[in-house]
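# An overview of the molecular structure
Read off the chains here:
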Amino acid sequence: AMGQMSFEPLTPTAFLRRAATVHRDRLAVIDGAQRWTYGELWDRCLRLAGGLARSAADGARIGVLSANSHLMLECHYGVPLAGQVLVALNTRLSADELAYIIDHAGVSVLIADAELGALARDVAAASTARLDVVGEGEEYERLLSGDRVDRPPHDERALLAINYTSGTTGRPKGVMYHHRGAYLQALAMALHLELRADTVFLWTLPMFHCNGWCLTWGVTAVGGVHRCLRRVDPELIWRTIREDGVTHLNAAPTVLSSLAYHPDAVAPADGRRVRVGTGGAPPSPTLLGRLDTVGIDTVHLYGLTESFGPVMVCDWHPEWDALPGPQRAELKARQGVGNVIAVNPRVVDSAGEDVPADGQTVGEVVLRGNDLMLGYYKDPDATDAAQIDGWFRTGDLGAQHEDGYVELRDRRKDVIISGGENISSVEVEQAVGSHPAVLEVAVIAIPDERWGERPAAYVVFKPDQHATGDEIAAHVRTTLAGFKVPDRFVAVDGLPKTSTGKIKKFELRAQAWQGHDRTIA
């Protein structure tokens, strides 16, 4: 019976069980003025599981509508400990959108933080389900007032969480996470971001987003501090970095640029470097240089909701530090290789065959491995459509270099096809973004009678800076072929973004194809 001794179903709650012994009296959570040790956090999560087990059946869906708070973190343990399924909700959606998700997932209990209590009640009213709403404060603490419950999963591939995609096209889809994937992804994130027991992890990335890239569990695995942050504001982030000794945070490139160019952007006085995982769009060489001077080191990642967050990492070779700046930046812009628990991604043509690994030939990036979803909840058609020969189709286009590292070229729908030539919006964005006056940029296709479509750049300038369209065009021409230079530059105060900081190009496209825009003179 040795086999029984050598197998324990993997579940991310195991990290907290261990931390409650190993790190019992060490600080686990800071949320405003409140603080809890790992011993206290474990006790609260067991009691939350007890309360949930009293109020809902085994396997029930528990919705959580909360900013990055202790309550949201506790639900990442209490819900699975009760043998239930976590549905962490995107706090930036409307009541109707949230009601759709709650009805689709079959949520029966909705836990909400203090600020979102009113929205939670609107959602309950708009939902067809009988929904118990539990608000932060007395109601929530009352839920924690009974027995301690700890129900380990019988099967490590059992359903742990359902995460709804941001739905940039059509209705959001429910991505099914399993215990095994979350456990392994948490370890992969802790390893690639180099988390340790003295880590102070600042929660800027929403915990509702891929369960915080599984770092809701990964930070606990090493016994680091979860520093909750209920709103993302660059001034607040810089103050927290200085006052609380923050060592790590994760951020979309848009948040990174707001941090880099903020008046308070000064490297920590104690010589500490802050490590930041970033994904969504490759950070431009210009931005990387600026971040370096303010004490921020970036780790470039790539992933989707379907892959538990970052499935690829630009795994940095120490030898690359000796290379000249431009070459380093080129290497850093690559999305990279499969993370330590993933299978290395492939780049395939429409028939599912590998394209040459020459760094040039573009195909679709496909994935497989331990950190891939079980499928889309109640949507077998979409689940089938997302696979090719047992690999998951990302819908992202990339090229594979001979060393196996992948570099994304574009979303299939973001490629600009001008007079039969493919123009990568990412490439044009990097060229425009390297102009010293530009803070942020989005490049999309606009209609053109002669060429079918041409690139247009929507530009947000740095505070108190400006450039003309001609000046930016001349700058772009120094690095890119003439046909890739945008025909039109539009100055905007801000770019429309999804809840996870990705630029909503489809919104810009919808506007552009109606044609009412202020062109930069």
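Look above for the structure.
Residues numbered from 1 in each chain as written. Predicted model: local features only at pLDDT ≥ 70, side-chain atom pairs only at ≥ 80, totals over all residues. Heavy atoms only, no water.

## Some remarks on helix 17 (residues 469–477)
The periodicity of an α-helix, 3.6 residues per turn, causes residues three or four places apart in sequence to face the same way. Convention followed: Burial classes: relative accessible area under 20% of the type maximum marks a residue as buried, over 50% as exposed, and values in between as partly exposed (1.4 Å probe, protein chains only). Runs of H or I in DSSP of at least four residues are treated as helices and runs of E of at least two as strands, each being numbered from the N terminus. This arc describes the spread of directions from the helix axis toward the C-beta atoms. By definition in these notes, contact holds between two residues if any of their heavy atoms fall within 4.5 Å.
Taken as a whole, helix 17 has its buried residues at Gly469, Ile472, Ala473 and Val476. For helix 17, the buried positions fall inside an angular range of 100° around the axis, keeping them on one side. For helix 17, the secondary structure elements touched by its buried residues are helix 16 (425–433), strand 23 (438–448), strand 24 (452–461) and strand 25 (488–491).

## Section: the packing of aromatic side chains
Selection rule: Pairing of aromatic side chains requires ring centres within 6.5 Å, counting the rings of Phe and Tyr and the six-membered ring of Trp. Pairs whose planes differ by under 30 degrees are stacked, by over 60 edge-to-face, and all others tilted.
A full pass over the atoms with the stated rule returns five aromatic pairs. Both rings, one in Phe15 and one in Tyr183, keep their centres 4.6 Å apart while their planes meet at 15°; by these two values the pair is stacked. Here Phe15 is found in helix 2 (residues 13–22), whereas its partner Tyr183 is found in helix 8 (residues 179–192), with 168 residues between them in sequence. Note on Trp320 and Tyr405: the rings are 5.6 Å apart at their centroids and 65° apart in plane angle, and the pair reads as edge-to-face.

## What about helix 2?
Along helix 2, the positions that sit buried rather than exposed are Thr13, Phe15, Leu16, Ala19 and Ala20. Looking straight down helix 2, one finds that the buried residues subtend no more than 145° of arc, so they occupy a single side. Each element contacted by the buried residues of helix 2 is listed here: helix 3 (38–55), helix 4 (70–81), helix 8 and helix 10 (215–222).

## Observations concerning the pairing of strand 6 (residues 132–135)
Side-chain direction in a regular strand flips from residue to residue, so the side chains alternate between the two faces of the sheet. The line we're drawing: We call two strands paired when DSSP finds no fewer than two bridges between them.
Where strand 5 (residues 107–112) lies against strand 6, four bridges are found, and the strand directions are parallel. Bridge pairing links Ala112 to Gly135 in strand 6.

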